Amino acid sequence: MNRDNFIKIRVSADEMSAIKQRAEAANMSISSFLRNLALNGKIILYDTENIYRFNQLLRAIGTNINQIAMVVNSEKSIFKGDIDSLRREVEKISEEFHSYISPLKSQEV
């Protein structure tokens, strides 16, 4: 195959070192490694809206934990229902998070 087209990119010294290491680990030349990566690699786009939602849920849980801590510190007691509610929120966000990241699990190129 005649490869007469040339692509030029700029990289930092650290990036060049990392590219060289990865190419060597793959037992490829830098050109072959980058060509293969460009033609066969995958780019994963993250839906940041879902990440924002997880952040909101974590903040809500944090607020509940702080409220429970204030009650415990002032009254030295807490209701089982408060703990159960908090546990349900943690389970909910854990399930959402795992359902979100499970499709993202792929082999690193």
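Keep in mind the model is a prediction, meaning the values are calculated, not measured.

Procedures and definitions
Residues numbered from 1 in each chain as written. Predicted model: local features only at pLDDT ≥ 70, side-chain atom pairs only at ≥ 80, totals over all residues. Heavy atoms only, no water. Helix = DSSP H or I, 4+ residues; strand = E, 2+ residues; numbered from the N terminus. Contact = heavy atoms within 4.5 Å. Areas by Shrake-Rupley, 256 points an atom, 1.4 Å probe, with all protein chains shown as cover. 1 Å grid on protein atoms, 1.4 Å probe; cavity = no way out; pocket = protein on both sides within 12 Å on 5 of 7 lines; lining within 4 Å. Points joined across faces, edges and corners; volume = space filled by probe spheres on them. Nonpolar A, V, L, I, M, F, W, Y, C, P; charged D, E, K, R; others polar. Salt bridge = Lys/Arg side-chain N within 4 Å of Asp/Glu carboxyl O. Buried < 20%, exposed > 50% of the residue type's maximum accessible area, 1.4 Å probe, protein only.

Caption draft 1: A look at the overall build of the protein. Check the secondary structure of the protein and you find four helices and zero strands. When its helices and strands are written in sequence order, the protein yields α-α-α-α. Considering only contacts within the protein whose residues lie at least 6 apart along the sequence, 58% involve residues at least 24 apart. Carbon together with sulfur atoms contributes 54% to the accessible area of the protein, which is approximately 9,600 Å² in total.

Caption draft 2: Up close: the layout of surface pockets. Within this model, the largest pocket holds a volume of roughly 610 Å³. Lining the largest pocket are 16 residues, and of these F6, I7, S31, L34 and R35 lie nearest its centre. Mapped by element, the contributors of at least two residues to the lining of the largest pocket are α1 (13-25) and α2 (30-40). If one sorts the elements of the lining of the largest pocket by residue count, α2 sits on top with six residues. Of the residues contributing to the lining of the largest pocket, the split by class is ten nonpolar, three polar and three charged.

Caption draft 3: Spotlight on the pattern of salt bridges. A full pass over the atoms with the stated rule returns one salt bridge. Salt-bridge contacts for R87 lead to D84; the nearest nitrogen and oxygen are separated by 3.3 Å. Taken as a pair, R87 and D84 lie in helix α4 (residues 80-101) at a separation of three residues, close to a single helical turn. Since its relative accessible area comes to 46%, R87 is described here as partly exposed.

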